[in-house]
Every structure is written in structure tokens, then in C-alpha cells.
Amino acid sequence: MNAVRDTAHATGASGIHRLNPLTKLAFAVTVTVCAFAVVDYRWPLLLFGILLLPAAIGAGVLRRFLLMLTTFWVPVAVVLFVVQGFFLPGAHDVIAQLGPLKLKSEGVSFALLTALHILVLMSGFFLLLLTTHAGAFMSALSERKVSPSLIYIVSAALQIVPALSRRATRILHAQQARGQVIHGLRGRARALVPLMGPLILGAFTDVGERAAAMETRGFGATRHPTSLTAVPDSGVQRCLRAAMMLCAVAAVTVNVWGVVR
Amino acid sequence: MAGFNRSTPSWLNERWRIGWGTGVVLVTYAGLIAVRPTSEHGVGGPIALLALVGYTLGALLIVSGAVARLPPTTVALLPVAITVNIVMGKIVYFSGLPLQLDSIGTVLVGVVAGPAAGAATGALASVIVGMTITPGALPYAVTAAMIGFTAGMLARAGFFRRLSTAVLAGGLIGAVAGVVSAPITAFVFGNASGSVGQSALIATFQAFGNGMLKAATLQGLVADPLDKALTVVLAMAILKGLPPGFLHRFPFVRDRHILAPRADLVRVG
Amino acid sequence: MIEVKGFSFTYPTGSRPALSDVDFEVEPRELCAVVGGGGAGKSTLAGVVSGTVPHLTGGTAQGTVRVNGRDLDDTPLSGLVGEVGLVMQNPFNQISGARFSVREEIAFGLENLGVPRDEMAARVDLVLDDLGLTGVRDRSPYELSGGQQQLLAIGSVLVMRPTVMVLDEPTSQLDAAGNALVFEALGTLKEQGVTVLLIEHRMERLAHAADRVLVLDRGAIVAKGTPGEVLADERLEEWGVAPLRYTVAARRAAGRGLWPARKPLPVTLDAAAAGFGETVDHLDRGDWR
């Protein structure tokens, strides 16, 4: 659950931390689109090397950035090389043989390209999450007139998930402390029901009360709610966002045109 | 309750946005099939980008349309349902069971509050997972939305009144999920997202000469219906355990006879 | 002000009425306390007066409820926002979860009403100060202790400056200091002309704070009056309410002629101490009876 805590409460003093969350979101989207737009493995590598990695260093989050990539990107990359290196449909240029399995060059280059695309996608969003407090992100969206319902749902889920997880872990530990041994698929399934049942039912039962509390506090009362916290923004960032979005739209248009043609 | 964006033109109002979003997703899917992605020029970048952009745009439209139409009680329900998705998905993942079971909350909302609410639950759950666990979940937002939407539509058609038809509904939901998610798995993730078991199954299909999209679709059609049937059973079990007053707060399930009449819901005396 | 006349209510799945033929009034500047055992209908009554029952729960209701002269039957919940405040029993459910710091959580209601930022900030900081929450203003609401969450729940309603405030056991998780803060805040509210309906199971403070006390038993009002009359009633236990221990002690003493004859049975610790002190003085002087 550490990831949830860390990303929902990211704090730091670097210039990247202080950027408007929407600027960082636009950056993550644009860099992903650009990475996918060019069929050459050196291109996403370049984006990662000259933009994403330096940004992670500059923000002072390099250690966690690499840790998250190791946890989430490396397994995908490994599976990708195994599956496509050996089994890419239509590949025939064999470069190595492992028993009955043939490693093919087309498969390896496809896997390399795809893995690097995913690397850029994940890095862009990890950077956003590691340097942005969820509260600031939601305030920025709210200033953009995003529906209060949507902001409520995302914010509440971000806070209830860790709260409920903490409770589940406590119960699980209590069960283990009482010497309950869990083995086998059926044993595991049987251990889950008494654990999760009351927790989930309780959470759903609370919904009615929470809705009543929200309504008495005026949720949905006006279509123009105000916001207590101001999210810093600047003319430079607005221009930067426009430029990035233009860049992304151009990349998509060129690609769609290329595919359709 | 009325939506928050009443000033928008009618072709962009809430109901239409759900329709436009669904349309974009369908066009994207059709486009991906039509351009024969296995052709030399397509694999990798451009097709993946097309899938990514089309699905993301579709998901955004669907979510913005669906969320604007939700009454406050449903709005309060969604975070809890999303939490159940994530916590159950996590527990099942770490328990080593060969299942996902990460859509229990989505199905439950679809049944209790209708297709739009179900779609919003699924898509926003993907956003939450994308924000807290791995961005790899973000491209699958449309699949999750379709799971909730399909559950709601089948509920409206009366599939959830009996357990047998509910299990069948689970199978159908799974089939939809499998087909919709295949382009993302194939083109964006090169058939390497998901668990090791899923990847092994896809590799097997590819080894037998199927194209990438076909292999991903076949894998989805084998694994998802089973998983979603079990998901539906668990969602129904939760519904049974909830206090009677709970369902009375949701007009969709209360007024349309979505579920079988419960003994404890009939007033005595 | 609150006027409830001949009000009965049954939940959609209930087999018997949760409230039956309830009748009472609370004037402005008045604090009315409601006591009763478990399942007596106290929380339902809180919901009725704050407009959430039956609007959100469904169910069948008869009779009228008027708040500040408006009939709640034809007032949508949104029409009461800012006018009627409800503090629920479980602070975990009162906290919206939509905001990431204590300060923003308190501001949530004002944001929803579109209050300008400067005014909002001033009102929020005032409430933080009143409830002693300034030290935790930037913490996540979910990282607070149960007692602090309860204060936050109260603050989030206080900040909206309602003219009618309904509190459902607001001090259940508070220590003595927190309890004192809440009752101090309630006292200030009364001075400002706010009508307060307080549901409370701990009665020590009620005698000082409440102007009137209602006793609910199985959905019906079985007693109403001043704290001195109601809390000293010998039928309290039959109604499912545990009487104060010093009241019980004084009643037993009175049975043996050991309580000053012209004094009513005590409902505060001070009155009990004074009464027993008088008895002891008399016994010492030997002029008892």
C-alpha cells in the first residue's frame, strides 16, 4: 500500500513539484503519444534519456522512480521478450535456438520497441504521480470546471482505499496471530470470506449516511462551486501546455493519416 | 439531479456524450480490425497509438457523460465500489488464486444503479489504479467501463433475477471484456500485460499460428467469462448480505425489479 | 425553530413505526436534548429534523415537521443547505473524503455553496481555532484520532453557520477536554440564536447545557420537561435510560429520610454534593427531623 500513500501525498520542494499538475499531465500525455508515434526503438529511448530521466533526477525522486519502474516495467518487458521473441506471428529470421524454441530477430526488435514505448508511458505518469499531491491535482481539475461528482469520486476512492486496506491488513494479522494456518486454494478462499465479508458490507452500508452528510453540506447545490486552495499557474505554463497539446495532436493526426492511407 | 454542464450544446449533453464515447470506441475497434495490423507497416507504433488514443477519448467521453447524470447517493456509492474492486483485486492477486476478481464493485454498481453508473465505476477504478498502483491500468479504462455498462444493461433485461441467468450474464460480460481489451493487450502491450498465466496462454495461441489480436481475443474469451461469472456470483452474495434499506435508496434497482423479491424486503404486517 | 406535530414514520422495510405520534417544539436560542435507549428512534428523529428522512431513505410518514416555519414535506433537501446542519453519529461517514486536508474538509460545504475564497478562508480558520484543530489543519482527515474526527465533523457543519443544528451523539469518542470544547461551542451557538437539537447518551452535562429534555422510548415521546424534572424521573430506567448515579443515590437516601425535604433530587454533581453536605451537617448537629 506504500505506493498509494506516497503518490497521494507526494510532497517536495523542487521546481517540478511546484508546477501546475495539468502541465505535468500534459507532459505525460504528450511524451507518451510522441513515443508511440515513431517506429524506431532509438526514439523512445531518446525521450527517456533526455527528458524523463533528467526530470526524475531534477525532482529528486530518482530512487523511487527507478524502484517503481523495476516493480512494474521490468516484469512486462521480460514477458514481452519471451512471448514475442519466440512467438511473434510471421517471424522467421532465427537467431538462436533453445531446445524446440526459436528466438527470432523480428520478435526481438518488436519486443524492444514495444517495451520502450511502455517505458515512456509508465515513466511519464510515474513522474506526474511522484511529484504531485493528489489534493493539488484535484483542485486543478476543479478549477477547470471538471464535474464535482467526478472529483469527489476520485478523491474519496484515493482516501478510502488505504483506510480500508489498513483495516483488512489488521484483521489478516489478527487471524495469523491466532495461529490460523492457511494453505491450499480452498483454504485461501475460505479464509477470505470471513475477512472481507464484514468489511465490505460495512463499507456499503455506510454509503447512505455519507450521501446524506454530503447533501446536507450542499454537495451539488450550485453549478459554480468555489475552491479554498488556489493552484499556482503561469502564462509560461499555459503556453507550454498549448504547445505540448498541439504537438500531441499533430503526432496523432500524422499517424492516423498514415494508417488509413 | 440535473447535470453540472447545462450550458453545453445539446449534441454534447450527458446522454449524447455516452453515445459519442461508445461510438468512438466502436469505430476505433473496427478501424483496428480493418487495417489488418499484422501488415508490415502497422505493427508497433501507429496502431498502438490509434488504439490508445481512440480508447482514451472514448473513455473520457463516457465518463464525463455518465458522471454528470448520477444522483448523490450513487456518487457516494462509487468510491466504495472502486475500493472493493481494488482491495479484492489485490487480495486475490497476492493469494495466488489464478483469477482477477477486480470488477466486483463495478458489476454491483451496474446492477444497483444502472449502466451509466456501472460504466463510470469501471473507468474511474482504472484511473485510480493508474494513479496509485501502475499507469499500465489506464489504457484498460474502456474495458472496465464496458464491464459496468454491460452489467447494467443485462440487469435491466432481467438477467439478475435468478442465479442461473446471472451466471450467464457474467459469461457475457466476460466475453465483452475479452473482446474489448484485446486490442490494448495486443497492440499497446505487445501481448505482455496481465499475469504470467495469461501471457503463457497468449503465447500458446500465437505459437499455433494466430495473429496477435486474435491470440489476445482468444485468451480473453477463454479466461474472462469464467472470471466474470465468479465476479457476478460474489457481487450477488454481497447484495444479499446488505441491509434491506440499502437497495431502497437506488431507484434503478428499486423500481425496475432488477433483483428477485426478497423475503425481508416485503413488508410484514 | 423546530415544530414537530403528530409525526409518525415507518422505514420502507420496517415492520413497526420507528417514530409514532411525536410532538414537540424547540424555540430559537433553545437547546433541546433527546435521550433514550438503543433503537428508541433517536437517530431517526435527527434525520427527520434535518430533512434526510424520509427524503433519502424512503418510507411512510404522517404528521408535519416545520423548521424555521417551512414544512419539510415540500422542501427539498437542497433547500435546507446552510440553514439546517446535521452532525452524524459516526464521524467517519460525516467526513466527505473529497478533500485531502482538515482545512479543506471544513471548507467543503462552503465550496459547494460557492462562497468566495477570502471569506471562506476566514470562516474556516475561525472554526479551526474554536475547536482546537489549528494544529492539525494540514493533516489528512483520515490520520486524525476518533475524537479529532468528531471535532472535525462538528466544525464542518459549524462553518456553514446554520440556524438550526442537529447533533447525533457528537461526543461519543471525545475525552473530557474535547467534550468541554463541544459544549462550549454549543453554548456560543445558543447565544447566537441557533436552535439546537442534541442527542446524547451521557447525561452529566445535559443538566447544565439543555433547556429541555425529551425521552424517547420505542419511537414515542414518554417524557418532556426541564432537565431537573426529566432526569430525576424514577421511570427513567424503564425507558431504557441509565439514570445518573448521584440521582439514584439521592433517591435511596430520600427513601430513608436522609435527603433534605425541600430539595428536588439532584441532576448535577454540584446539587448532589450540596444536598448530601446539608444532610451531613444536620446529622452532625443532631437536629435532623
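Bear in mind that the values here come from a model prediction, so they are computed numbers and not experimental data.

Let's shift gears to the overall build of chain B. Helix and strand content of chain B: 11 helices and 0 strands. If you list the helices and strands of chain B from N to C, you get α-α-α-α-α-α-α-α-α-α-α. For chain B, the C-alpha radius of gyration of 19 Å lies close to 18 Å, the compact-globule estimate for 269 residues. Summarising its shape, the C-alpha atoms of chain B cover approximately 70 × 50 × 35 Å along the three principal directions. Buried residues in chain B amount to 60% of all 269 residues. Within chain B, counting contacts between residues at least 6 apart in sequence, those at least 24 apart form 67% of the total. About 10,100 Å² of surface is accessible on chain B, with carbon and sulfur atoms providing 69% of the total. Distance from the positive charge centre (17 side chains) to the negative charge centre (7 side chains) of chain B: 9 Å.

So, about the confidence of the model for chain A. Overall, the predicted model of chain A reaches an average pLDDT of 86, with 88% of residues at or above 70. Throughout residues 1-8 of chain A the model reports pLDDT below 50, and contacts reaching past four residues in sequence, or to other chains, amount to 17 contacts.

By size, the foremost hydrophobic cluster in this structure holds 224 residues, and its most contacted members are A:Phe204 and B:Phe160. Counting residues per element, this core draws most heavily on helix H6 (residues 105-130) of chain A, which supplies 15 residues. Non-local contacts of B:Phe160, meaning those with residues more than four positions away in its chain, are made with B:Val111, B:Ala151, B:Leu154, B:Ala155, B:Ala166, B:Ala169, B:Val232, B:Met236, B:Ile258, B:Leu259 and B:Ala260. Counting residues in each nonpolar core, the second largest holds 34 residues, with C:Phe9, C:Cys32, C:Leu45 and C:Leu77 among its members.

Residues and elements named next belong to chain C. If you walk across this open sheet you meet the 4 strands as E2-E1-E4-E5, and the pairing is antiparallel. With partners counted over all chains shown, the strands left at the sheet margins are strand E2 (19-26) and strand E5 (70-71), one partner each. With 5 bridges connecting them, strand E1 (residues 2-10) and E2 associate as antiparallel partners. Paired with Ile2 across the strands is Val26, a residue of E2.

Here we come to the interface of chain B and chain A. Taken together, the contact pairs 68 residues of chain B with 71 residues of chain A. For the pairing of chain B and chain A, the buried interface totals around 6,100 Å² over both sides, and the portion due to carbon and sulfur atoms is 82%. Between chain B and chain A we count 3 residue pairs in polar contact (both at pLDDT 80 or more) in total. The residue inventory of the side of chain B that touches chain A, partitioned by class, reads 45 nonpolar, 20 polar and 3 charged.

This next bit is on a positive patch on the surface. Together, B:Arg15, B:Arg69, B:Arg156 and B:Arg256 make up a positively charged patch on the protein surface. Following the sequence through the fold, B:Arg69 ends up in the loop between helix H2 (45-68) and helix H3 (72-95).

Before going further, it helps to spend a moment on the sheet that holds strand E10 (residues 220-225) of chain C. Residue and element names in this part refer to chain C. Strands sit in the order E6-E7-E8-E3-E9-E10 across an open sheet of 6 strands; the sheet is mixed. Two strands lie at the open edges of the sheet, namely strand E6 (84-87) and E10, each paired on one side alone. Averaged over all pairs of adjacent strands, the angle between strand axes in this sheet comes to 15 degrees, irrespective of strand direction. Sheet analysis places E6 next to strand E7 (residues 164-168), joined by 4 bridges and oriented parallel. What sits directly across from Val84, in E7, is Val164. Taken strand by strand, helix H5 (residues 146-158) contacts E6 and E7, and its axis lies near 175 degrees from that of E6. Sitting on the sheet, helix H6 (residues 176-191) touches strand E3 (31-36), E7 and strand E8 (195-199), and the angle it makes with E8 is about 150 degrees.

All names here are of chain C. Enumeration according to the criterion identifies 11 aromatic pairs over all chains in this entry. Ring geometry for Phe92 against Tyr142: centres 5.6 Å apart, planes inclined by 80 degrees, an arrangement best described as edge-to-face. Residue Phe92 is found in helix H2 (residues 91-94), and its partner Tyr142 is found in the loop between helix H4 (117-130) and H5; the two are separated by 50 residues along the sequence. Given the relative accessible area of 16%, Phe92 is considered buried.

Further remarks concern the packing of helix H7 (residues 163-188) of chain B against helix H9 (residues 212-241) of chain B. Residue and element names in this part refer to chain B. Contact pair H7 / H9: the axes reach a minimum separation of 6 Å and the direction vectors enclose 145 degrees. Like other packed secondary-structure pairs, H7 and H9 cross with a definite hand, here right-handed. Residue classes in the contact of H7 with H9 are distributed as 19 nonpolar, 8 polar and 2 charged.

Quick look at the pattern of salt bridges now. Between side chains of opposite charge, a pair can form as their charged atoms come close. Counting across every chain of the model gives 20 salt bridges over all chains. Here C:Arg123 ties to C:Glu119 by a salt bridge, and the two come within 3.0 Å at their closest N and O atoms. With C:Arg123 and C:Glu119 both in helix H4 and 4 residues apart, the pair spans about one turn of that helix. Residue classification places C:Glu119 among the partly exposed residues on the basis of a relative accessible area of 38%. A network of salt bridges, in which partner residues are shared, links A:Asp233, A:Arg238 and A:Arg241.

Okay, the interface of chain A and chain C next. Each partner contributes residues to the interface: chain A has 36 residues there, and chain C has 40 residues. Among the residues of chain A in contact with chain C, A:Gln159, A:Arg217 and A:Leu228 are the three that bury the most area, contributing 29% of the side total. There are 2 salt bridges connecting chain A and chain C. With a closest N to O distance of 3.7 Å, C:Arg117 and A:Glu143 form a salt bridge. On inspection of chain A and its partner chain C, the count reaches 16 residue pairs in polar contact (both at pLDDT 80 or more). For the side of chain A that touches chain C, the class distribution of residues is 14 nonpolar, 13 polar and 9 charged.

Below, the discussion takes up the pairing of strand E2 (residues 101-104) of chain A. All names here are of chain A. Bridging between strand E1 (residues 94-98) and E2 involves 4 bridges; their strand directions are antiparallel. When the bridges of E2 are listed, Ala96 appears paired with Leu103. Hairpin connection between E1 and E2: a loop of 2 residues separates the two successive antiparallel strands, and Gly99 in this loop has a positive phi of roughly 60 degrees.

This part takes up helix H10 (residues 269-285) of chain C. Residue and element names in this part refer to chain C. Here H10 contains 17 residues, and its C-alpha end-to-end distance of 24 Å stays within 8% of the 24 Å for a straight helix at 1.5 Å per residue. Taken residue by residue, H10 has Ala272, Gly275, Glu278 and Thr279 as its buried positions. When H10 is viewed along its axis, its buried side chains cluster within an angular range of 130 degrees and face the same direction. Of the residues in H10, the exposed ones pointing more than 90 degrees away from the buried face are Leu269, Asp270, Ala273, Asp284 and Arg285. Against helix H9 (245-255) lie the buried residues of H10.

Let us now look at the packing of helix H4 (residues 104-113) of chain B against helix H6 (residues 141-156) of chain B. How two helices pack is summed up by the angle between their axes together with the distance between the axes. All names here are of chain B. Running from N to C, H4 and H6 cross one another at 35 degrees; their axes reach a closest spacing of 7 Å. Viewed along their axes, H4 and H6 form a crossing whose handedness is right-handed. Within the contact between the two elements, H4 uses Thr106, Val107, Gly110 and Val111 and H6 uses Ala144, Ile147, Gly148, Ala151, Gly152 and Ala155. Partitioned by chemical class, the residues of the contact of H4 with H6 number 6 nonpolar, 4 polar and no charged.

For the rest of this paragraph, the subject is the environment of C:Leu77. Assignment of secondary structure puts C:Leu77 in the loop between E5 and E6. Setting aside residues up to four positions removed in sequence, C:Leu77 forms contacts with A:Glu215, A:Thr216, C:Ser50, C:Gly51, C:Thr52 and C:Leu56.

Turning to the side chain of A:Thr30, a few remarks are in order. With respect to the helices, strands and loops of the structure, A:Thr30 is situated in helix H3 (residues 21-37). Setting aside its immediate chain neighbours within four residues, A:Thr30 contacts A:Met244, A:Met245, A:Cys247 and A:Ala248.

Residue and element names in this part refer to chain C. For H5, spanning 13 residues, the distance from its first C-alpha to its last is 18 Å, which sits close to the expected 18 Å at 1.5 Å a residue. Of all 13 residues making up H5, 11 are buried, and the element is well covered by its neighbours. Buried residues along H5 sit against E6, H2, helix H3 (102-113), H4, E7 and H6.

The rules we used
Residues numbered from 1 in each chain as written. Chains lettered and ligands numbered in written order. Predicted model: local features only at pLDDT ≥ 70, side-chain atom pairs only at ≥ 80, totals over all residues. Heavy atoms only, no water. Helix = DSSP H or I, 4+ residues; strand = E, 2+ residues; numbered from the N terminus. Rg over C-alpha atoms; globule rule 2.2 N^0.38 Å. Buried < 20%, exposed > 50% of the residue type's maximum accessible area, 1.4 Å probe, protein only. Contact = heavy atoms within 4.5 Å. Areas by Shrake-Rupley, 256 points an atom, 1.4 Å probe, with all protein chains shown as cover. Lys, Arg positive; Asp, Glu negative; His and termini not counted. Charge placed at Lys NZ, Arg CZ, Asp CG, Glu CD. pLDDT = per-residue confidence, 0-100. Core = buried A, V, L, I, M, F, W, Y, C linked by side-chain atoms within 4.5 Å. Pairing = 2+ DSSP bridges. Buried area = accessible area lost by both parts, 1.4 Å probe. Polar contact = N/O pair within 3.5 Å; in protein donor to acceptor, adjacent residues only side chain to side chain. Nonpolar A, V, L, I, M, F, W, Y, C, P; charged D, E, K, R; others polar. Patch = residues over 30% accessible without salt bridge, like charges linked within 9 Å, V, L, I, M, F, W, Y side chains within 5 Å. Salt bridge = Lys/Arg side-chain N within 4 Å of Asp/Glu carboxyl O. Axes fitted to C-alpha atoms, helices over the stretch in contact; angles between N-to-C directions. Phe/Tyr/Trp six-rings, centres within 6.5 Å; stacked < 30°, edge-to-face > 60°. Left-handed = near helix turned anticlockwise from the far one by under 90°. Expected span 1.5 Å × (residues − 1). Arc of directions from axis to C-beta.

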